[in-house]
Amino acid sequence: MRQMMQCALNGAELLALGDRVYIEDIQEEIHVDMETGKRLGYAEIPLSAPRHSSMTITVTVMIKDRNRVRRMGLIQAIRGWAGKGWLTTNIHPGQRIYVWCVQPPNVETFDWTARMDIVFEAFGEAYWQDIHPKAIISEAAVSSASVVISPTGTRPCYLEAEITPESGTLTEATITVSGQKFELTGLEIAAGDTLSIWYDEMHLLRIESGGESLLGCRSAESDDDLILQDRTPNTVGLSFDTACNYTIKARGLWK
């Protein structure tokens, strides 16, 4: 069983805490939202399909050690391990999900045969996502381009991008996909600096350069997000007011 179940948080393996720590089971409970709702910071929108509003992940462990002192030391180590961050398991290879520990193991469990639960909760849009996104990288600096990207996953995901002007200053950029668009103005991205469009652990949009938020550079006509359809070719249009290198990313989401 020890070899079958694996679990890591922020890259730290649970089994690495001690050779007497065993993972007995990993269970998921998905909580689905069918009602109209809104993402934090965005206007209210109708939900056209069931949405994972949260997910409970329970990791059941057993410490196979009769020695109470060693056992309590391992329980304390597990409690220190069980925090918040990116959770990975070998049940979902190549995928991750951001979680908070809401129930650490019981420190008063002295029975060496007892199982203990570590309970994690994922909030927001609670889906497993690809650790490594699919990416299309430009071969040369251009002022306009049209590229096709087909995300993995089992539900639509968000378009992410990195845009770096080669010699001039980037002040305007437009990205389009499937009738959606981002129009960005007043950017002032110097040559060699990078404009990053990405989503954080709560699936909230970030538009940044050098650690400075540029969300205010979106025009009023811009969409809240650029959505890519899963397992489908998506044509992405790019337009810049100076020649730029770019990377277009799609991090697949999984039900």
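Residues numbered from 1 in each chain as written. Predicted model: local features only at pLDDT ≥ 70, side-chain atom pairs only at ≥ 80, totals over all residues. Heavy atoms only, no water.

(A) Highlighting the nonpolar core. The biggest cluster of nonpolar side chains holds 34 residues, and the ones touching the most others in it are Leu170, Ile175, Leu187, Leu195 and Val236. Mapped by element, the contributors of at least two residues to this core are β10 (142–149), β11 (157–165), β12 (173–177), β13 (180–184), β14 (195–199), β15 (205–209) and β18 (234–250). Considering every element that reaches this core, the biggest residue donor is β18, with seven residues. Val236 has contacts with Ala145, Ser146, Val147, Ile149, Leu159, Ile175, Thr176, Val177 and Leu228, leaving out every residue within four places of it along the chain. In terms of nonpolar packing, the next biggest core, distinct from the first, is built from 27 residues, Met55, Val61, Phe120 and Ala122 among them. (Core = buried A, V, L, I, M, F, W, Y, C linked by side-chain atoms within 4.5 Å. Buried < 20%, exposed > 50% of the residue type's maximum accessible area, 1.4 Å probe, protein only. Helix = DSSP H or I, 4+ residues; strand = E, 2+ residues; numbered from the N terminus. Contact = heavy atoms within 4.5 Å.)

(B) Representation of helix α1 (residues 68–81) in the model. The terminal C-alpha atoms of α1 lie 20 Å apart, and with 14 residues this matches the ideal 20 Å at 1.5 Å per residue to within 8%. The distance from a side-chain oxygen at the start of α1 to the backbone nitrogen of Val69 is 3.0 Å, and the residue carrying that oxygen is Asn67. (Expected span 1.5 Å × (residues − 1). Polar contact = N/O pair within 3.5 Å; in protein donor to acceptor, adjacent residues only side chain to side chain.)

(C) Region of interest: the pattern of salt bridges. Applying the stated criterion across every chain yields a total of seven salt bridges. Among the salt bridges present, the one from Arg115 reaches Glu24, with a minimum N-O distance of 3.5 Å. Here Glu24 lies in strand β3 (residues 21–33) and Arg115 lies in strand β7 (residues 115–123), a separation of 91 residues in the sequence. Residue classification places Glu24 among the buried positions, given a relative accessible area of 18%. Across the pair Glu183 and Lys181 runs a salt bridge, and its minimum N-O distance is 3.2 Å. For Lys181, a relative accessible area of 26% translates into the label partly exposed. Connected via shared salt-bridge partners are Arg20, Asp65 and Arg70. (Salt bridge = Lys/Arg side-chain N within 4 Å of Asp/Glu carboxyl O.)

(D) Broad picture of the side chain of Glu121. Of note, Glu121 is situated in strand β7. On the accessibility criterion, Glu121 (12% relative accessible area) is buried. Polar contacts involving the side chain of Glu121 include one to the side chain of Thr56, which spans 2.8 Å. Residues within four places of Glu121 in sequence aside, it is in contact with His31, Ser54, Met55, Thr56, Tyr98, Val99, Trp100 and Val102.

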